[in-house]
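As a plain string of letters, each chain reads:
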Amino acid sequence: MAKIIVVTSGKGGVGKTTSAAAIATGLALRGNKTAVIDFDVGLRNLDLIMGCERRVVYDLVNVIQGEAGLSQALIRDKRVDNLHILPASQTRDKDALTLEGVEKVLETLAKDFDFILCDSPAGIERGAQLAMYFADEAIVVTNPEVSSVRDSDRILGLLASKTRRAERGEEPIKEHLLITRYNASRVDSGDMLNLEDIREILAIDLIGLIPESEAVLRASNQGIPVTHDANSDAGQAYNDTVARLLGEEVPLRFHEYQKKGLLSRMFGGGRR
Amino acid sequence: MSLNVDRDSLAFTFKGGMLPMMVMELTSADPEQIRDQLAGKLSQSPAFFQHTPVVLSVERLDEPHLALERICAVCRAHKLLPVAVRGGADPVKQSAWALGLGWFPPLDAGRPRSLESVAPVEPDASIEEGPLASPPGVGSGGRIFRGTVRSGQQVTAPEGDLVVVGAVNAGAEVLAAGSVHVYGALRGRALAGIHGDPLASIFCRELHAELLSVAGNYKRLEDVDPCLLGSAVQVRLDGDQLGITALS
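Residues numbered from 1 in each chain as written. Chains lettered and ligands numbered in written order. Predicted model: local features only at pLDDT ≥ 70, side-chain atom pairs only at ≥ 80, totals over all residues. Heavy atoms only, no water.

**Some remarks on the overall build of chain B**
Alright, step 1. The helix and strand inventory of chain B stands at four helices and 15 strands.
Alright, step 2. Looking at chain B residue by residue over its 248 residues, the buried ones come to 39%.
Alright, step 3. Pairs at least 24 apart in sequence give 38% of the contacts found in chain B among residues at least 6 apart.
Alright, step 4. Total accessible area computed for chain B in this model is approximately 14,300 Å², and 55% of it derives from carbon and sulfur atoms. (Helix = DSSP H or I, 4+ residues; strand = E, 2+ residues; numbered from the N terminus. Buried < 20%, exposed > 50% of the residue type's maximum accessible area, 1.4 Å probe, protein only. Contact = heavy atoms within 4.5 Å. Areas by Shrake-Rupley, 256 points an atom, 1.4 Å probe, with all protein chains shown as cover.)

**A look at the sheet that holds strand β1 (residues 22-25) of chain B**
Residue and element names in this part refer to chain B.
Alright, step 1. As summarised here, the arrangement of the four strands in space is β1-β2-β3-β4, forming an open sheet in which the pairing is parallel. On the outer flanks of this sheet lie β1 and β4 (102-104), each paired with one strand and no other. On average, each strand axis in the sheet is tilted by 40° relative to the strand beside it, whichever way the strands run.
Alright, step 2. Pairing of β1 with strand β2 (residues 52-57) involves four bridges; the strand directions are parallel. Following the sheet pairing, M22 is matched in β2 by V54.
Alright, step 3. The sheet contacts of helix α2 (residues 68-77) involve β1, β2 and β3 (80-86), and relative to β3 the element is tilted by about 145°. (Pairing = 2+ DSSP bridges. Axes fitted to C-alpha atoms, helices over the stretch in contact; angles between N-to-C directions.)

**Brief notes about the interface of chain B and chain A**
Alright, step 1. At the junction of the two partners, chain B supplies ten residues and chain A supplies ten residues.
Alright, step 2. Of the roughly 840 Å² buried between chain B and chain A, counting both surfaces, carbon and sulfur atoms make up 39%.
Alright, step 3. Connecting chain B to chain A are three salt bridges.
Alright, step 4. The shortest N-O distance in the salt bridge between A:D153 and B:R150 comes to 2.9 Å.
Alright, step 5. At the boundary of chain B and chain A, one finds six residue pairs in polar contact (both at pLDDT 80 or more).
Alright, step 6. Broken down by class, the residue content of the side of chain B that touches chain A amounts to one nonpolar, five polar and four charged. (Buried area = accessible area lost by both parts, 1.4 Å probe. Salt bridge = Lys/Arg side-chain N within 4 Å of Asp/Glu carboxyl O. Polar contact = N/O pair within 3.5 Å; in protein donor to acceptor, adjacent residues only side chain to side chain. Nonpolar A, V, L, I, M, F, W, Y, C, P; charged D, E, K, R; others polar.)

**Quick word on the nonpolar core**
In summary, soluble globular proteins display a tendency toward joint burial of nonpolar side chains.
Residues and elements named next belong to chain A.
Alright, step 1. Grouped together as the largest cluster of nonpolar side chains are 52 residues, with contacts concentrated most on I116 and L159.
Alright, step 2. Apart from the residues lying within four places of it in its own chain, the contact partners of L159 are V6, M132, A138, V140, A166, I173 and E175.
Alright, step 3. Ranked by size, the runner-up nonpolar core spans 36 residues in total, among them V7, A28, V80 and I210. (Core = buried A, V, L, I, M, F, W, Y, C linked by side-chain atoms within 4.5 Å.)

**Digging into helix α11 (residues 214-222) of chain A**
Residue and element names in this part refer to chain A.
Alright, step 1. For α11, the complete set of buried residues consists of A215, V216 and A219. The buried residues of α11 occupy one face: seen down the axis, they fall within an arc of 100°. Seen from the buried face of α11, the exposed residues on the opposite side, beyond 90 degrees, are E214, L217 and N221.
Alright, step 2. Along its buried surface, α11 packs onto α1 (16-29) and α12 (233-245).
Alright, step 3. Measuring from the backbone nitrogen of A215 back to the side-chain oxygen at the start of α11 gives 2.9 Å, which picks out S213 as the cap.
Alright, step 4. Remark: G223 follows α11 within two positions and exhibits a positive phi of approximately 75°. (Arc of directions from axis to C-beta.)

**Regarding unusual backbone geometry**
Alright, step 1. With a phi close to 55°, A:R181 is a non-glycine residue in the positive phi region.
Alright, step 2. Among the structural elements, A:R181 can be located in strand β7 (residues 174-182).
Alright, step 3. We classify A:R181 as partly exposed; its relative accessible area is 40%.
Alright, step 4. The backbone phi angle of B:A215 is positive, close to 50°, even though this residue is not glycine.

**Focus: α1(A)**
Each α-helix winds once per 3.6 residues, and so residues spaced three or four apart point in a common direction.
Residue and element names in this part refer to chain A.
Alright, step 1. The end-to-end C-alpha distance of α1 is 20 Å, a good match for the 20 Å that 14 residues give at a rise of 1.5 Å each.
Alright, step 2. In terms of residue burial, α1 counts as a mostly covered element, since 13 of its 14 residues are buried.
Alright, step 3. In the segment just after α1, G31 is the residue with positive phi, at about 90°. (Expected span 1.5 Å × (residues − 1).)

**Regarding the pattern of salt bridges**
Alright, step 1. For the coordinates displayed, the defined rule picks out 22 salt bridges over all chains.
Alright, step 2. For A:E200, the salt bridge goes to B:R187, with nearest N and O atoms at 3.0 Å. Pair noted here: A:E200 is in helix α10 (residues 195-202) and B:R187 is in the loop between β9 (180-186) and β10 (189-192), and the two residues belong to different chains.
Alright, step 3. For B:R187, a relative accessible area of 11% corresponds to the buried category.

**Examining the packing of aromatic side chains**
Here a ring pair, both rings aromatic, is described through the centre-centre distance and the interplanar angle of the planes.
Alright, step 1. The full count for this structure, using the stated rule, is one aromatic pair over all chains.
Alright, step 2. With centroids separated by 4.9 Å and ring planes inclined at 85°, the aromatic side chains of A:Y133 and A:F134 adopt a geometry described as edge-to-face. Across this residue pair, the class does not change: A:Y133 and A:F134 are buried.
Alright, step 3. A cation sits over an aromatic face here: A:K33 above A:F113, 4.7 Å from the ring centre.
Alright, step 4. Taking the ring centre of B:W103 as reference, the NZ or CZ of B:K93 above it sits at 4.5 Å. (Phe/Tyr/Trp six-rings, centres within 6.5 Å; stacked < 30°, edge-to-face > 60°. Lys NZ or Arg CZ within 6 Å of the ring centre and 35° of its normal.)

**Observations concerning the packing of helix α7 (residues 146-159) of chain A against α10(A)**
Residues and elements named next belong to chain A.
Alright, step 1. In contact at an axis separation of 10 Å, α7 and α10 are set at 30° when each is read in the N-to-C sense. It follows from the interaxial angle that α7 and α10 lie roughly parallel. Regarding α7 and α10, the two cross each other, and that crossing is right-handed. Residues V149, S152, D153 and L156 of α7 pack against I198, I201 and L202 of α10.
Alright, step 2. Partitioned by chemical class, the residues of the contact of α7 with α10 number five nonpolar, one polar and one charged. (Parallel < 35°, antiparallel > 145°, perpendicular 65-115°, else oblique. Left-handed = near helix turned anticlockwise from the far one by under 90°.)

**Observations regarding the side chain of B:T148**
Alright, step 1. Mapped onto the elements, B:T148 comes out in the loop between β5 (143-146) and β6 (154-157).
Alright, step 2. Among residues more than four places away in sequence, those in contact with B:T148 are A:I201, A:A203, B:Q153, B:A167 and B:N169.

**Some details on the confidence of the model for chain B**
Residues and elements named next belong to chain B.
Alright, step 1. Summary statistics for chain B give a mean pLDDT of 80 and a share of 80% for residues scoring 70 or more.
Alright, step 2. By mean pLDDT, the top-scoring element of chain B is β9 (97), and the lowest-scoring one is helix α4 (residues 123-129) (35).
Alright, step 3. Note on residues 110-139: pLDDT under 50 across the span, and 27 contacts to partners over four residues away in sequence or across chains. (pLDDT = per-residue confidence, 0-100.)

**Overview of the sheet that holds β5(B)**
Residues and elements named next belong to chain B.
Alright, step 1. Here we have six strands laid out as an open sheet, ordered β5-β7-β9-β11-β14-β15, and mixed in their pairing. Looking at the sheet topology across the chains shown, the edges are occupied by β5 and β15 (241-246). Ignoring which end each strand starts from, the neighbouring axes of this sheet average 20° apart.
Alright, step 2. Where strand β7 (residues 162-165) meets β9, three bridges bridge the pair, whose relative direction is parallel. Note that in β9 the partner of V164 across the bridge is V182.

Put into structure tokens, the structure is as follows:
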């Protein structure tokens, strides 16, 4: 049986899709058969980040409405064999999704896959609730700013009440905190919330910290998940995150601000 | 008085004190009826009956002779300790003294006695409003919430105190008929005494609350003295103003 993981945040633009793509890629690179589903019906993005937008024929809504089979809609990733993408529909809206339809898709995928990542839309409405409803684990993506933290807090409340595990009184969803766009120097100068403040407010385990990085923007514009850029700080941070998701103990990196020494200032720092 | 007396040789000093005291206002002189009702109360809120001192008020009874000894025995059997009697005619005063109880004059001694004390009193309605029914802060309807109360969530204790073992985050709301106790940071809204209990209070380990309210009197974060932010405080009603004091 596959593990179903929802990548969610409440707030938009914090890096849900980037994270879903990067983590799915990381899981697949480590030999896990992984599917990543775009639940953002109407604002399809995952296919762009994964670089498969030109190969989309059928989508999640087609499958749910019986217009296409699941195997027809699943797109195999060009770079990693055991990674598959189920894109969202750009022309429909979130009302096209039904609870029964989503359940059926997830049940079918669960037979073949090790991990299913659900890339949630922003907000707390139907689309976001459907994306989280069947999840076993949740990755809550948060930026180091107050509005993002508050929205994540709201999402954590929904994860504890509006999901199948909660409604059935089963073991609660395992919640992980993923902090993205962390800029250690701006945290140091007080412009951004620091790691400890975020952890204290949200009170859940930290699964990863992704530094703000040029590599992320470059990766999404190229349609290559940043995990492939193993030399970049963000790529390494996502790899660490995936390792922790698989139960490995990996020390936290990129959270401390290192003032540049005289030498590195004269000769330029390393690549960021 | 004691100005010229060596302090060490004093066995005691007299001090005037105002102690909170439960008054048990009797509307029946029948010990059996009192026993039945006490048994019911005991099962509802056992925590209240812990050798609690009470003053038996007999002002609403118009009987010159009371089975005071039997009434006291019934009270003691239910872990209420009668310490004094208030009101009643001279025979009542004498039997109180004989039983080792104090006697207080009736509360409305100056006022003419109204006719309603003669009229039969409806048994239930008045009793439910009595002090026994709602001892401040005790209540069996309390609630304990363990974990973080998150933005958008509301946790309510409609009948008693609310205890949150964890933080109350911004955008969350905690409400109680009694007091609100937060063993963590209070960042959201806390409303105590939602049915109007002016003795309800709010306690927290770390104050950042968006809104504090006791019995409908509220303060916004903006109105709170900035030096209290982040510290452990209690919030209670002082007249019609909310008073916030640090707990040290």
